[in-house]
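# Survey of secondary and tertiary structure
What follows is each chain in one-letter form.
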Protein chains: 2
Amino acid sequence: MALDDRKKQVLQAIVDDYVTTYEPVGSKALIERHDFTVSSATLRNEMAELERMGYIEKPHTSAGRIPSDKGYREYVNSLLKVDTLTEEEREEITDRVTDSVNEVTDLLRNATNALSEKTGYISLAMTPRFKDSYLSQLKILMIEPGKALVVVVLSAGVVKDRLVRIPNFITDAQMFDISTAVEHALSGMPLDEITLVTVASSLKGSKIPESLLNQVIFEAYTAIKQAERLDMYLEGEHRMLSLPDFHELSRARDLLGTLSKDGLVAGYVNEMESSKAQSGSKDTYMVRIGQEIALEGLSDCSFVTTTYNVGDTLSGNIGVIGPKRMEYSKVISQINFVRKVVNDEIRKLTE
Amino acid sequence: MALDDRKKQVLQAIVDDYVTTYEPVGSKALIERHDFTVSSATLRNEMAELERMGYIEKPHTSAGRIPSDKGYREYVNSLLKVDTLTEEEREEITDRVTDSVNEVTDLLRNATNALSEKTGYISLAMTPRFKDSYLSQLKILMIEPGKALVVVVLSAGVVKDRLVRIPNFITDAQMFDISTAVEHALSGMPLDEITLVTVASSLKGSKIPESLLNQVIFEAYTAIKQAERLDMYLEGEHRMLSLPDFHELSRARDLLGTLSKDGLVAGYVNEMESSKAQSGSKDTYMVRIGQEIALEGLSDCSFVTTTYNVGDTLSGNIGVIGPKRMEYSKVISQINFVRKVVNDEIRKLTE
DNA sequence: ATTAGCACTCAACACTTTCGAGTGCCAAAT
DNA sequence: ATTTGGCACTCGAAAGTGTTGAGTGCTAAT
């Protein structure tokens, strides 16, 4: 059932040609562009065989072949040689990604920008999954009567905050008490163990009448939960319109429509990640091809993802979405390098 | 030079028909769909006249007429009757815009979402212009050695913050001194009078060696300037792909390409706004049509904007971008209502 | 001023033809 | 047992050809 050497060669040639031309490739074209030692007739036989095995398919009877999902999969798994970037490319990426970075979010935004422009496809990055994180500090800062800023510092030094409205009559001093009480009770606690009840019970001994606290408690809780939320940066949707793959408007519409649905892609990536963790996969990158992507509207696309780390426990994803016919070797080398730069930079930020 | 009544009627009918059908409208079709008391031949004469005057044009010799930019302009200026929203629509918009709002930014995000979905076009909202704002409070909160959060509170109660890196050896107490010194010196100062020099001089009398302060000064300054930055929320790009107007892929590409250029549209809206302020225009909304929009890639579009207010001095914009052939009356009524809801809600937030 | 009528225009559509790159298969060659 | 040249066949894409119909402008009659 495994492919012999020549079949591999043929498949590789077909994918390579199809990626560059977006035209079904026939036996004759194949001979012309590559130096096979056999004739076109032999290739025809090989191609017929490959088709029977499901690696390639014909758009219609009298056309050349295009790779099937399975064909791309084989290509990515065993035929692909990953590009090496030139020194200039490395430098440019490094410069762009590390440009005026103060927080992880800056970094992610830069990374998506650079990746999208360099690849010519869509790029995305997700904020770290904070589920495995714990609360390091919590400060409530009075801004003016009735308004306060809840600052949540998570392990790994990530800071999130949220402006909240509180009862007007709570004073600076009272708020300070509340703040220290909550922080004392919750700091060090894993984020997913924090519930409305934990927050409330942290204020049991407080001198302030419980009835006044409800809103504060709720807002503090919401702020913590909001810090947990996955945000996603997305860049370069418009680039897809330049690709012939999306000349058929309905495809572009489906793709962009799906991408615009808030949280849908983020949720999917997150799921993907946890299933990967289960299966114990060790690769630095991951490729999903066509139908393998369980998202309506992305079945004509491929999705390359990689994982960056924040500290020892936290991680997030960076990805590229392009046509199935994407330049895998370039994309993979670029995303891998971006991942490295991001990891290095995060280390600097959180050292 | 002004249009007589019948010409106005004809122009209005042409725009109305073209907006709904996206097909050049001819004399016969006009008669069929509207009850004119004259024959098609008369309309032909009127249409020839309207064409000579520049209000309508022919895509080709034997086709019907479509409105020119000038025609749309006339339509918007004097022919348009603005829709009134149904009670359900009002309710839906109010609900969506005011859903879980803590800050102005939440509100703007909600507003763009609602507007884009309700109109079916692209919607955008810009954070308020803070140039006329002044600094109300500035707090620097130590997070851990080497890391601090600069919290900037502007007039009108808008809060922005930024995580910064500072020299490791600055202590909590020192930072507190710095923070109060800077706040004392700068609070009440108009944002655009704050420069690196003003910030630096606020720390003249401080006990901390000047050499250590440079980074803190710079970061605080950057944080303030960042608070001034105009952010823009954009929603619904993908909806344009469903409109026949953008079936020609190159148009969609141009449009989305321009919109994706960071700051370009925001800068333009800002400019527009200040020129409007100069000319003393009092309308609650403003319409830019086709070539009137000085942005490459938007010349097939129209741009409806309105202004919301934060407190007495601050303002920002909300807008809708659609095809020239947009349903002006609906869009205008919707954007006007959104403006009202946003204004009311901001008043509640900042009261 | 309005209108009926007519000759004219031209995009859109349907239909045909041609072309060529592609295929599968078979019989001969290695 | 492969490989290969050859050949008949397929079928989409491109180019050419009518036909149709909604549109126009113009003129002469109302």
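Residues numbered from 1 in each chain as written. Chains lettered and ligands numbered in written order. Predicted model: local features only at pLDDT ≥ 70, side-chain atom pairs only at ≥ 80, totals over all residues. Heavy atoms only, no water.

### Examining the packing of helix H5 (residues 87–98) of chain A against helix H6 (residues 104–119) of chain A
Residues and elements named next belong to chain A. The geometry of H5 relative to H6 is characterised by a closest axis approach of 7 Å and an angle of 145° between their N-to-C directions. The handedness of the crossing between H5 and H6 is right-handed. Residues Glu89, Glu92, Ile93, Arg96, Val97 and Thr98 of H5 lie in contact with H6, whose contacting residues are Leu107, Asn110, Ala111, Asn113, Ala114, Glu117 and Lys118. Among the residues making up the contact of H5 with H6, the classes are represented as five nonpolar, three polar and five charged. (Axes fitted to C-alpha atoms, helices over the stretch in contact; angles between N-to-C directions. Helix = DSSP H or I, 4+ residues; strand = E, 2+ residues; numbered from the N terminus. Left-handed = near helix turned anticlockwise from the far one by under 90°. Contact = heavy atoms within 4.5 Å. Nonpolar A, V, L, I, M, F, W, Y, C, P; charged D, E, K, R; others polar.)

### Quick look at the pairing of strand S9 (residues 301–310) of chain A
All names here are of chain A. Among the ten residues that make up S9, nine are buried, leaving the element largely enclosed by the rest of the structure. Of the pairings in the sheet, the one linking strand S8 (residues 285–289) to S9 comprises five bridges and is antiparallel in character. The residue of S9 that forms the bridge with Val287 is Val304. Direction of pairing for S9 relative to strand S10 (residues 314–323): antiparallel, over a ladder of ten bridges. Its bridge partner being in S10, Cys301 is matched across the sheet by Pro323. Connecting the antiparallel pair S9 and S10 is a turn made up of three residues, with Gly311 showing a positive phi of about 65°. (Buried < 20%, exposed > 50% of the residue type's maximum accessible area, 1.4 Å probe, protein only. Pairing = 2+ DSSP bridges.)

### Overview of the domain arrangement of chain A
Residue and element names in this part refer to chain A. Examined at the domain level, chain A breaks down into domain 1 (5–79), domain 2 (87–129 + 230–350) and domain 3 (135–226). Its C-alpha centre places domain 1 at a distance of 29 Å from the equivalent point of domain 2. Across the boundary between the two partners, domain 1 contributes eight residues, which contact 14 residues of domain 2. Here domain 1 meets domain 2 over a buried area of about 1,000 Å², counting both sides, of which 61% is carbon and sulfur. Where domain 1 meets domain 2, there are two salt bridges. Where Lys324 meets Asp69, a salt bridge forms, and the shortest distance between an N and an O atom there is 2.7 Å. (Domains from an automatic or database assignment. Buried area = accessible area lost by both parts, 1.4 Å probe. Salt bridge = Lys/Arg side-chain N within 4 Å of Asp/Glu carboxyl O.)

### A look at the protein's contact with DNA strand D
Around DNA strand D sit 24 residues, and of these Ser39, Thr42 and Ser62 of chain A together with Ser27 and Arg65 of chain B come closest. Sugar plus phosphate, as a fraction of atoms of DNA strand D within 4 Å of the protein: 82%. Between DNA strand D and Thr42 of chain A, the relevant distance is 2.6 Å, taken from a phosphate oxygen to a side-chain nitrogen or oxygen of the residue. Backbone polar atom of Ala63 of chain B to a sugar or linking oxygen of DNA strand D: 3.5 Å apart, as the coordinates give it. Where the surface near DNA strand D is concerned, the elements lending two or more residues are helix H3 (40–53) of chain A together with helix H2 (27–33) and helix H3 (40–53) of chain B. No other element matches H3 of chain A, which puts four residues into the surface near DNA strand D. Split by residue class, the surface near DNA strand D holds six nonpolar, twelve polar and six charged. (Near = heavy atom within 4 Å. Polar contact = N/O pair within 3.5 Å; in protein donor to acceptor, adjacent residues only side chain to side chain.)

### Quick look at the pattern of salt bridges
For the structure on display, the rule yields 44 salt bridges over all chains. With a shortest N-O distance of 3.4 Å, Glu183 of chain B and Lys139 of chain B are connected by a salt bridge. Separated by 44 residues along the polypeptide, Glu183 of chain B in helix H7 (residues 172–186) and Lys139 of chain B in strand S4 (residues 135–144) bring together distant segments of the chain. Owing to a relative accessible area of 15%, Glu183 of chain B belongs among the buried residues under this scheme. Overall, Lys139 of chain B belongs to the partly exposed group, its relative accessible area being 26%. The salt bridge partner of Asp231 of chain B is Arg229 of chain B, with a shortest N-O separation of 2.9 Å. You can call Asp231 of chain B partly exposed: its relative accessible area is 26%. One network of salt bridges, with partners in common, ties together Asp4, Arg6, Lys7 and Glu46 of chain A.

### Considering the sheet that holds strand S4 (residues 135–144) of chain A
All names here are of chain A. Taken together, the three strands give an open sheet; going across it, the order is S4-S5-S6, and neighbouring strands pair in antiparallel fashion. Across the chains shown, the open sheet's two edge strands, defined by having one partner strand only, are S4 and strand S6 (159–165). Averaged over all pairs of adjacent strands, the angle between strand axes in this sheet comes to 20°, irrespective of strand direction.

### Side note on the relation of the copies chain B and chain A
Superposing chain B onto chain A requires a rotation of 180° together with a translation of 0.0 Å along the rotation axis, leaving an RMSD of 0.1 Å. The symmetry that links the two subunits is that of a two-fold axis. Rotation axis and chain B: the residue whose C-alpha lies nearest the axis is Leu249 of chain B, separated from it by 3.8 Å. Interface residue correspondence from chain B to chain A reaches 100%, placing this contact among same-surface, isologous pairings. (Least-squares fit on C-alpha atoms with pLDDT ≥ 70 in both.)

### Details of the environment of His247 of chain B
Relative to the assigned elements, His247 of chain B resides in the loop between strand S7 (232–235) and helix H10 (249–260). Put simply, His247 of chain B and Asn45 of chain B are 202 residues apart on the chain and 33 Å apart in space, counted from C-alpha to C-alpha. Not counting residues within four places of it along the chain, the set of residues in contact with His247 of chain B comprises Leu249 of chain A together with Leu241 of chain B.

### Here we look at empty space enclosed by the protein
Residue and element names in this part refer to chain A. Overall, the coordinates contain one cavity of 30 Å³ or more when judged by the stated rule. Size it by volume and the largest cavity reaches roughly 30 Å³. Looking at the largest cavity, the residues that line it are Glu273, Lys276, Thr284, Tyr285, Met286, Thr305, Thr306, Thr307 and Asn317. Where the lining of the largest cavity is concerned, the elements lending two or more residues are helix H11 (264–279), S8 and S9. Ranked by residue count, the leading element in the lining of the largest cavity is S9, at three residues. Grouping the constituent residues of the lining of the largest cavity by class yields two nonpolar, five polar and two charged. (1 Å grid on protein atoms, 1.4 Å probe; cavity = no way out; pocket = protein on both sides within 12 Å on 5 of 7 lines; lining within 4 Å. Points joined across faces, edges and corners; volume = space filled by probe spheres on them.)

### A few points about the interface of chain B and chain A
Facing 33 residues of chain B, the contacting portion of chain A comprises 33 residues. Of the roughly 3,000 Å² buried where chain B meets chain A, counting both sides, 57% is carbon and sulfur surface. Here chain B and chain A share zero salt bridges between them. Contributing elements (two or more residues each) for the side of chain B that touches chain A: S4, strand S5 (147–154), strand S6 (159–165), H10 and helix H12 (328–350) of chain B. Here the side of chain B that touches chain A is built from residues that sort into 15 nonpolar, eight polar and ten charged.

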